[in-house]
Amino acid sequence: MFTITYACVMIFICSAQLHSTSHQFSVLNFLFIFFTTCHCAIPQANQEDVLRSFKSYSDVTMFHYMVPKEVPRATWQFAAFMDNPTCHPRKVYIHLKFGSYPVITGNNEKIPVNKSIGQDDDIIVTTVTTYRSKNITILPIYEPQPGDWFVAAYMSYWDERVQQQGLGHKCRYSIGTVALWSQTNNIKNIPINYETRLRTSATTTYYKIYIPSGILNFRVSVWNCSFLLHSLHNIDNSCIEAMYLKGRILPVSDHFHSMKSITLSTNTSYSFIESSPYEDSYYYLLIISSSVIEFNVKIDIAELDFYSTNEFYRKSKRHETDEQCVPRYQLARVKHTKTFSTVYLLQDKESLNSRLTLTDIIPMMMQFNILPLIDIGGTLDINLHLEVQKLLLIQTILVTMCIQRGRIPKLENRHSCQNGSLSINLSSLNKRNASLLIAYPQPDTWYILILATCYNNNKPAHCQVEEISMLFDIRTKKCMFSDQSPCGNYGTCQEIQKDVIHYATCNCFKGYTGWNCTDISSTIPAISLISIILLVISNAFFMPAIYIAMKRKLYVEGFVYLVTMLFSSFYHACDQDGARFCITKYEVLQYSDFFSSILAFWVTLVAMAELPIAFVPLCHMMGVFVITFGVQIDRMCLINILIPLSLGVIIPVFTHIYRAFLSRKCKKPSRRLLLGLFLAITGLLLFSFIETEKNYQYVHSVWHIVMATSLIFLLPSTKSRQTASLTNISFNDDNELWNCKESYRIPTFIIIDQENRTIAPS
């Protein structure tokens, strides 16, 4: 079965490589080729998605798969692409996890000791982006858990250049994924508490055993194996060549996967003992034999003597004699309106509460359910507080708490947990409060086993206190900390939703990193804080241009420069990662900054044209509408910035050519104008080609200074405006024509001086 599936996967990959002539990963084409080649596996494909460099968890590309039950192996295929051969190849990290979202901290940040992130369950592979689909990464997963699987992909961080859309090629990275699996059908069920005679039907034969809730342990006994048809391939004459037992998943044994196997001859027996089984689940028994055999099997179970919370008080006397009678509490699920805000409480006949009465004779157990897709995107928060009334000074109370998903945890020596379960310890002496945070908890039934132990002079003794009570607070929430500050003082909690994928993550600022924005290893130094201040203060270089505009009676230009300076300062103060100062919404400030900046260039170009006074308001209003339209469409696109600037440049160029045509003289641009143009072009080059994410504060501050300084040299002087006013043209009211020295006639014009007095032509 595995050989056929592997061959199908290879055919699938080869077909993809041969037929992929595009630089992108066409999942639908691959699937079509695959289905026309073989029908041996069930594929599930996700469309291509964009890859981003990792700065926070919001940059991660996430995929979701649903693996069915009774699948011995699932195979994932990944192909990462770039849309141009000139792009730099990037390393791609791919995390695969069952049940919940992979936890990615980035740069190996340290995790606080009171938090369980759960990275041990992540399967991590890497690949490299290519221009064509010649590099496909194959990841086979043997014995996959049935249910939801999530894939998270991202690229390592690099100092990416800040580039305007439309200016050169901006590399686009993407990833395509395909998952395939083969499913085993018609698995025979083995009843419990009955001796059964079974016969194999193939070299590899599966059997399943249903284990209900409330089972303390069970034993699977196999014996009396005999040959019905002996195979020549059976060299060592073993009746059962290999035997495995697994809970919830199909066990696998081949050269891809190694695990300890059990061999059984005709006159031997073997018993599997499961001391802490999965409840309400199937266990799968794998029998491998190259011969046709028969064998006896029997499943013996031992049930836990549970009783509900309502029976606890009237059965309290039973505790001293019956150690198997363990109180079991099913916590009620209370869902609030906000996302990831479920609270788990203890339910009695009249109310819901969060108080639990403990005993030192037997442990007590609580259980609650984490639902798939609904609860996994938040953080599971478990808080405990030990309340001891009338505590004797000579006696110390210790409380041990074991937490495990899927199966009941085990206690060892009353104060340690088995089976790799999480543990919390409380002490009446020095630790009455404890907490545990589990990021992106996996869905299942979670069990908590609690036991109190009293000590006299560090020796175990019977508890002499009247009551040992514990307050618990079990809930899900968005991020790590409180609802008022879920990511501490240096981060904000952001919800991300795409189809069924829904999770919350911290976006850190001020240089802080880590899962909950507590890692200070990358905090912004003092020089970076100065650079942020420089980015805001650099707008003060507009003040000389404002002063000169006002002095030359260019009031519109001066007012626009003032507004540009204010909006740019407010926008950059709000645009910082830390210590934000926003007088209004970020989007409003961003739009105002882009609009006023382009408008400042527009009114400067109109002023450079030195048009007749009647045409200036018309040009200004035309610029307002053109800029508003372009910025509203896409303020980041270079085309929407160049269009109004190009139209604005036409105005002074056309008027200069027109005046040169009338005067028959080509006036050379002044050094002042050339210096202004040089500064403006230098600023545009800095803005377009030099800025990166790391040097943004410095380069953009220089851009502010250079562009604001260029306005001083681009504004027309008072003398040039007076000269230009003597050549302004206007039609007279009677539209009469006036004879010039030339032999042809031109429209009559009136010369207007600086004080709006009409001067007859000489």
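Counting restarts for each chain: residues are numbered from 1 in the order of the written sequence. Note on the predicted model: pLDDT of at least 70 is required for a residue's local features to be given, and 80 or more for side-chain atom pairs to be given and counted; whole-chain, interface and lining totals, by contrast, use all residues. Water and hydrogen atoms were dropped before computing side-chain values, which therefore reflect all heavy atoms in the structure.

The chain has the name Post-GPI attachment to proteins factor 6-like in an unreviewed UniProt entry, where Pogonomyrmex barbatus is given as its organism. UniProt positions are given in the numbering used here, feature names are shortened, and annotations may be inferred rather than shown by experiment. Note on the chain: under the UniProt heading Subcellular location (unreviewed entry), the record states "Cell membrane". Regarding the chain, the relevant UniProt record gives this comment under Sequence similarities (unreviewed entry): "Belongs to the TMEM8 family."

> Mind showing me how you'd approach the overall build of the chain here?
Looking only at helices and strands, the chain has 11 helices and 39 strands in total. Burial analysis of the chain (762 residues in total) assigns 49% to the buried set. Contacts are assigned to residue pairs with any non-hydrogen atoms lying within 4.5 Å of each other. Nonlocal contacts in the chain, meaning residues at least 24 apart in sequence, comprise 75% of its contacts between residues at least 6 apart. The Shrake-Rupley method, run with a 1.4 Å probe sphere, supplies the accessible areas, and residue values consider only the shown protein chains as cover. Carbon together with sulfur atoms contributes 58% to the accessible area of the chain, which is approximately 38800 Å² in total. Here a helix means four or more residues in a row that DSSP labels H or I, a strand means two or more in a row labelled E, and each is numbered from the N terminus. Under the scheme applied here, a residue whose accessible area is under 20% of the maximum for its type counts as buried, over 50% as exposed, and between as partly exposed, the area being computed with a 1.4 Å probe on protein chains only.

> Even after reading the chapter, I still don't get the nonpolar core, so can you show me in this structure?
For soluble globular proteins, nonpolar side chains are generally found buried alongside one another. What is meant by a nonpolar core is a set of buried Ala, Val, Leu, Ile, Met, Phe, Trp, Tyr and Cys residues, joined one to another through side-chain atoms within 4.5 Å. Leu356 and Ile474 are the most contacted members of the largest nonpolar core, which totals 54 residues. Boundaries between domains were set according to an automatic or database domain assignment. Here this core gathers at least three residues from each of two domains, domain 1 (44-182) and domain 3 (324-477). Those residues in contact with leucine 356, other than ones at most four positions away along the chain, are Tyr329, Leu346, Met364, Met366, Ile450, Ile468, Ser469, Met470 and Phe472. Membership of the second largest hydrophobic core comes to 35 residues, among which are Tyr571, Phe595, Leu645 and Ile651.

> Mind showing me how you'd approach helix H7 (residues 616-633) here?
For a helix, the expected span equals 1.5 Å multiplied by the number of residues minus one. Taking 1.5 Å of rise per residue, 18 residues should cover 26 Å, and H7 covers 26 Å from first to last C-alpha, within 8% of that figure. Within the span of H7, buried status applies to Val616, Cys619, His620, Gly623, Ile627, Gly630 and Val631. Around the axis of H7, the buried residues are gathered within 105° of arc, so they sit on the same side. Across H7 from its buried face, at more than 90 degrees, point the exposed residues Leu618, Phe625, Phe629, Gln632 and Ile633. In this description, the arc belongs to the directions extending from the helix axis to the C-beta atoms.

> What exactly am I supposed to notice about the state of the cysteines here?
Every disulfide links exactly two cysteines, by a covalent bond between their sulfur atoms. We call a pair of cysteine sulfur atoms a disulfide whenever their separation is within 2.5 Å. The full count for this structure, using the stated rule, is eight disulfides. Each disulfide pairs two cysteine sulfurs, and for cysteine 402 the partner residue is cysteine 417, the sulfurs being separated by 1.9 Å. Disulfide cysteine 402 to cysteine 417: torsion about the S-S bond roughly -85°, handedness left-handed. A residue pair is termed long-range when its members are at least 10 positions apart, and cysteine 402 in strand S26 (residues 395-405) and cysteine 417 in strand S28 (residues 416-417) qualify at 15 residues. In this model, cysteine 487 is linked to cysteine 506 through a disulfide, with the two sulfur atoms separated by 1.9 Å. Since a negative S-S torsion denotes a left-handed disulfide, the cysteine 487-cysteine 506 link at about -90° is left-handed. Of the two residues, cysteine 487 sits in the loop between strand S33 (468-477) and strand S34 (491-498) while cysteine 506 sits in strand S35 (residues 501-508), which places them 19 residues apart along the sequence.

> It is not clear to me how the sheet that holds strand S16 (residues 281-288) should be interpreted in this structure. Could you clarify?
The strands that make up a sheet are held in pairs by hydrogen bonds between backbone atoms, and each pair lies either parallel or antiparallel. Two strands pair under a simple rule: DSSP has to find at least two bridges between them. The strand order across the open sheet built from four strands is S10-S12-S16-S14, with neighbouring strands paired in mixed fashion. Either end of the sheet is taken by a strand with one partner, and the two such strands are strand S10 (188-189) and strand S14 (242-247). Examined bridge by bridge, S10 and strand S12 (residues 204-211) share two bridges and lie parallel to one another. From the neighbouring strand, asparagine 189 faces S12, where its bridge partner is lysine 208.

> What should I look at first to understand the packing of aromatic side chains in this one?
The description of an aromatic ring pair rests on the distance of the ring centres and on the angle between the ring planes. Note on aromatic pairs: the rings of Phe, Tyr and Trp (six-membered ring only in Trp) are paired at centre separations within 6.5 Å, and the planes decide the class, stacked below 30 degrees, edge-to-face beyond 60, tilted for the rest. Taken as a whole and judged by the stated rule, the model has 21 aromatic pairs. Residues tyrosine 57 and tyrosine 503 carry aromatic rings whose centres are separated by 5.2 Å and whose planes lie at 80° to one another, so their mutual orientation is edge-to-face. With tyrosine 57 in the loop between strand S1 (42-50) and strand S2 (61-67) and tyrosine 503 in strand S35, this residue pair connects regions lying 446 residues apart in the sequence. According to the relative accessible area criterion, tyrosine 57 is buried, its value standing at 3%. Summarising the aromatic geometry, the rings of tyrosine 278 and tyrosine 283 are spaced 6.2 Å apart at their centres and angled 40° between planes, so their arrangement reads as tilted. Classification of tyrosine 283 by relative accessible area gives buried; the value is 1%. The rings of Tyr57, Tyr101, Phe150, Tyr440 and Tyr503 are connected pair by pair, giving a single aromatic cluster. Geometrically, a lysine NZ or arginine CZ counts as sitting over a ring once it is within 6 Å of the ring centre and also within 35 degrees of the ring normal. Its end group placed over the ring of tyrosine 282, lysine 208 keeps NZ or CZ at 5.0 Å from the ring centre. The cationic tip of arginine 407 hangs over the ring face of tyrosine 278; the distance from NZ or CZ to the ring centre is 4.0 Å.

> How do you make sense of the pattern of salt bridges when you look at a structure like this?
Two side chains bearing opposite charge may form a pair once their charged atoms approach each other closely. A pairing counts as a salt bridge when a side-chain nitrogen of Lys or Arg comes within 4 Å of a carboxyl oxygen of Asp or Glu. Here the structure, examined in full by the defined rule, presents 17 salt bridges. Lysine 208 is paired through a salt bridge with glutamate 70; the nearest N and O atoms lie 3.6 Å apart. One end of the pair, lysine 208, is in strand S12; the other, glutamate 70, is in the loop between S2 and strand S3 (73-82), with 138 residues separating them in the sequence. Overall, the relative accessible area of 17% leaves lysine 208 in the buried class. A single salt-bridge network, built from bridges that share partners, covers Arg197, Arg199 and Glu294.

> Looking at this structure, I do not really get a nonpolar patch on the surface. What am I missing?
A patch consists of residues exposed above 30% relative accessible area that lack any salt bridge, with like charges linked at up to 9 Å and nonpolar side chains (Val, Leu, Ile, Met, Phe, Trp, Tyr) linked at up to 5 Å. Judged by side-chain polarity, Ile643, Leu647, Ile650, Phe654, Tyr658, Phe661 and Leu662 come together as a nonpolar surface patch covering roughly 720 Å² of accessible area. Here phenylalanine 661 lies in helix H8 (residues 638-663). On the accessibility criterion, phenylalanine 661 (52% relative accessible area) is exposed.

> Is there a simple way to think about the pairing of S35 in this case?
The buried fraction of S35 is high, at seven of eight residues. Where S34 and S35 come together, eight bridges link them in antiparallel fashion. Each residue of the ladder has a partner; that of threonine 492, found in S35, is asparagine 507. Between S34 and S35, which pair antiparallel and follow one another directly, the connecting turn spans two residues, one of which, aspartate 499, has a positive phi of 60°.

> Looking at this structure, how should I read the side chain of aspartate 49?
When you line up the elements, aspartate 49 lands in strand S1. Here a polar contact is recorded for every N or O atom pair within 3.5 Å, except that within protein the pair must consist of a potential hydrogen donor and a potential acceptor, and residues adjacent in sequence are included only if both atoms are side-chain atoms. Side-chain polar atoms of aspartate 49 contact the side chain of lysine 498, separated by 2.5 Å. Aspartate 49 has contacts with Thr61, Phe63, Ser174, Ile175 and Lys498, leaving out every residue within four places of it along the chain.

> Would you take a moment to explain the environment of serine 289 for this structure?
Inspection of the secondary structure puts serine 289 in the loop between S16 and strand S17 (292-303). Measuring from C-alpha to C-alpha, the distance between serine 289 and threonine 203 comes to 5.1 Å, with 86 residues separating the pair along the chain. Sequence-distant contacts of serine 289, defined by excluding residues within four places in its chain, comprise Ala202, Thr203, Cys239 and Glu241. Side-chain polar atoms of serine 289 contact the backbone oxygen of cysteine 239, separated by 2.9 Å. Within polar-contact distance, the side chain of serine 289 engages the backbone nitrogen of serine 291 at 3.3 Å.

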